Amino acid sequence: MNIYTLDIPECRDFSLVLQTLDKKVIFLEDPVGQQHLFRNKTDLLHSLFILPLYLSRDSSQQTALFALAESYEIPILFIYKRSKKLKDPQTLPKKTIYESMAFPADPVEIKLKLKALQNISMQLYSTKMKEQELVNIGLKVKQNLRVAQNFQQLVLPTSIQKKDIEIQGIFQPSSELSGDLFYWQEVEDGKYGFIIIDVCGKGIQAALISMSIRSLMPGLIKRVKDPTFITKELNKHMGHLFQEYQKENTNAPYFTAFIAFVDTAARIIEYVNNGHPPAMMYSPCNNELQILSNGSMPIGLVPDMPIEKGSIHYEAGSRFVIYTDGLSESPSNHTIHRFDKIEQEFIDNVHLDTSDLLHELLLSRMKHSEINDDICIIAGTLF
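Computed from a prediction, not measured in an experiment: that's the story for all the values here.

With that settled, consider the environment of Ala-316. Secondary-structure assignment places Ala-316 in the loop between strand S15 (310-313) and strand S16 (318-323). With 135 residues separating them along the chain, Ala-316 and Leu-181 place their C-alpha atoms 28 Å apart. Excluding anything up to four places from it in sequence, Ala-316 contacts Arg-267, Pro-284, Cys-285, Leu-382 and Phe-383.

What follows is the structure in structure tokens.
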């Protein structure tokens, strides 16, 4: 242990006792000029200051050493002469640990005091290192989460703007990784497939599941071209993916989805709503709003599930909106939904271009309450 003190009578007398215990004492004549001695964290673990309990106000050295101990949180052993009447010390440390001892002192008592201070100092240092390690881990996790969130944004499809269809999407993630995702593509001339999913839960597990589904989407939509069979394929995928998990847990991971194919030549939409908030289709010809809710239960709950495919014919100029439940649910009470509100907002803003329509729907949700769930919205026009 490195024991530092001042070259003043009380400290010199006490250091003589320490020397009989084979303790090396270093006298600091200029504490301010020797701050470099305490910048090594390893040395701090083995450092101790000996100071008079009653600091002299006119002693700049005592004041400087006291400030140094506070700054680097070096333990202090305060010493004082035995007396029948003791007054309160003028200043005591607020940051570093300290003990006090009257002298003349018994060598055994001194050993115990020094050992106690050293042990406490090491425990505090260990705790700080663990806290710092947790902070560093937290920073790395946040950095990795930002990278993952950026990646989720990058895999979203670009808008489609053609003579027969226009489709755009907006993605508003919560603070965590997202389980929401949308995708679309032209499967052949005049035929388009699109899907929006919402994985149950939040965080890494939900994000991994959604990314797993995202990796299947391009090939699956182009190969299968039917929402019923895509639902079955995705349900099988979830079963294989979590086969072992389902043996040990009653609550299997699952997700809701809205899967649709549009034939712009025939002006027909075939869709399956897998436990998802209902999509909406607005026809400007008759000012009619259709709710697209036919389908099945969420994907991943049971191996075989009944599926009801919906099919509608649309008029030229029809507008549609599909969204995840982050847009409709209240964060304070998940039993409260904004379905009717969203329907009315869609009708009120259906005259806007698609980008403005999406932002109006999102802005209304942001005004309603705080957002603690991911939000995906798809909107478009069928010409």
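On the surface, Leu-134, Ile-137 and Val-141 cluster together to form a nonpolar patch covering roughly 280 Å² of accessible area. Overall, Val-141 belongs to the partly exposed group, its relative accessible area being 42%.

Next up on the list: the sheet that holds strand S7 (residues 165-172). Whenever strands of a sheet pair, they do so through backbone hydrogen bonds, lying parallel or antiparallel. Strand order across the open sheet formed by six strands is S6-S7-S17-S16-S12-S13, with antiparallel pairing between neighbours. Edge positions in the open sheet fall to strand S6 (160-161) and strand S13 (288-292), since each of these has one partner strand only. Against the sheet, helix H9 (residues 354-368) touches S7, S16 and strand S17 (375-382), its axis set at about 150° to S17.

This brings us to helix H1 (residues 9-20). The periodicity of an α-helix, 3.6 residues per turn, causes residues three or four positions apart to be oriented the same way. The end-to-end C-alpha distance of H1, which contains 12 residues, comes to 18 Å, matching closely the 16 Å that a straight helix rising 1.5 Å per residue would cover. Along H1, the residues classified as buried are Cys-11, Phe-14, Ser-15 and Leu-18. Seen end-on, H1 carries its buried residues on one side only, within an arc spanning 110°. Exposed residues pointing more than 90 degrees away from the buried face of H1 are listed as Leu-16 and Thr-20. Lining the buried residues of H1 we find strand S1 (2-5), strand S2 (25-27), strand S3 (47-52), strand S4 (76-81), strand S5 (98-103) and helix H4 (107-154). At the C-terminal side of H1, Asp-22 shows a positive phi close to 60°.

Conventions used here
Residues numbered from 1 in each chain as written. Predicted model: local features only at pLDDT ≥ 70, side-chain atom pairs only at ≥ 80, totals over all residues. Heavy atoms only, no water. Helix = DSSP H or I, 4+ residues; strand = E, 2+ residues; numbered from the N terminus. Contact = heavy atoms within 4.5 Å. Patch = residues over 30% accessible without salt bridge, like charges linked within 9 Å, V, L, I, M, F, W, Y side chains within 5 Å. Areas by Shrake-Rupley, 256 points an atom, 1.4 Å probe, with all protein chains shown as cover. Salt bridge = Lys/Arg side-chain N within 4 Å of Asp/Glu carboxyl O. Buried < 20%, exposed > 50% of the residue type's maximum accessible area, 1.4 Å probe, protein only. Pairing = 2+ DSSP bridges. Axes fitted to C-alpha atoms, helices over the stretch in contact; angles between N-to-C directions. Expected span 1.5 Å × (residues − 1). Arc of directions from axis to C-beta.

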